[in-house]
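Now for the letters of each chain:
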Amino acid sequence: MFSLNVSTPGSVARVAADLHPALVAAGVDRFRDRHSLVVKRFEGEESLPHLRERLRTALVGAPAFEVRTDGVDTFETPPRGPGPVVYLAVESAGLAALHERLVDRFGAVAGLEGDDYTPHVTLGRGGTFDAGTLADLSDRADSATWTVSELVVYDSRYREAAARLSLPA
């Protein structure tokens, strides 16, 4: 499966590293070593060259946009895989508009996209999070802000970036 992702800057990795001891204390046992932000997933798409060309067409005129992390939250029962999933919440009107544009063009993956889309950067899975723990983690999490001018097509079969697409500044 392919996904279109936003690469995260070093400031996001620093926020994750700062939170790591508290997440271990909360019982998180599976951590992400690479942090990214999914814009859109593509199920059933088998040809990278075909997807890349469809994306280039869909992205014509899509501008660069700003993204900001804003606190920590969880998906207690995620649609895929074990829970809970603990993540950095993301705020971005530009990201939301791009996601909507791509869903209109490619369709939504049920349970994950469209109205169910929650932009986030996954930190890990497992653990126990009550409201107090989440509030404490959010208080500890510095905000990270960056401008997105490039998107990455990620190939989950090979666990690597398969293509890069630029957005005009």
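It should be noted that the structure appears before, not after, this text.
Residues numbered from 1 in each chain as written. Predicted model: local features only at pLDDT ≥ 70, side-chain atom pairs only at ≥ 80, totals over all residues. Heavy atoms only, no water.

A. Quick look at the sheet that holds strand β7 (residues 145–148). The strand order across the open sheet formed by 5 strands is β2-β6-β5-β4-β7, and the pairing between neighbours is antiparallel. What marks the edges here is a single partner per strand, and that holds for β2 (28–31) and β7. Pairs of neighbouring strands in the sheet enclose a mean axial angle of 35 degrees, with direction left out of account. Sheet topology places strand β4 (residues 65–75) next to β7; 4 bridges connect them, and they run antiparallel. Across the sheet, the residue bridging to F65 is V148, located in β7. The sheet strands contacting helix α1 (residues 10–25) are β2, β4, β5 (85–91), β6 (120–126) and β7, and the helix crosses β2 at an angle near 155 degrees. (Pairing = 2+ DSSP bridges. Helix = DSSP H or I, 4+ residues; strand = E, 2+ residues; numbered from the N terminus. Axes fitted to C-alpha atoms, helices over the stretch in contact; angles between N-to-C directions. Contact = heavy atoms within 4.5 Å.)

B. Just the pattern of salt bridges, in detail. Tallied over the entire structure, the rule returns 7 salt bridges. Between K40 and E113 there is a salt bridge, and its shortest N-O distance comes to 2.6 Å. With a gap of 73 residues between them, K40 in strand β3 (residues 36–42) and E113 in the loop between α3 (93–106) and β6 connect regions that are remote in the sequence. For K40, a relative accessible area of 2% puts it in the buried group. In this structure E113 comes out as buried when scored by relative accessible area, which is 3%. A salt bridge links E43 to R80, with the shortest nitrogen-to-oxygen separation between them at 2.3 Å. One end of the pair, E43, is in the loop between β3 and α2 (48–58); the other, R80, is in the loop between β4 and β5, with 37 residues separating them in the sequence. When its relative accessible area of 44% is taken as the criterion, E43 is described as partly exposed. We classify R80 as partly exposed; its relative accessible area is 36%. (Salt bridge = Lys/Arg side-chain N within 4 Å of Asp/Glu carboxyl O. Buried < 20%, exposed > 50% of the residue type's maximum accessible area, 1.4 Å probe, protein only.)

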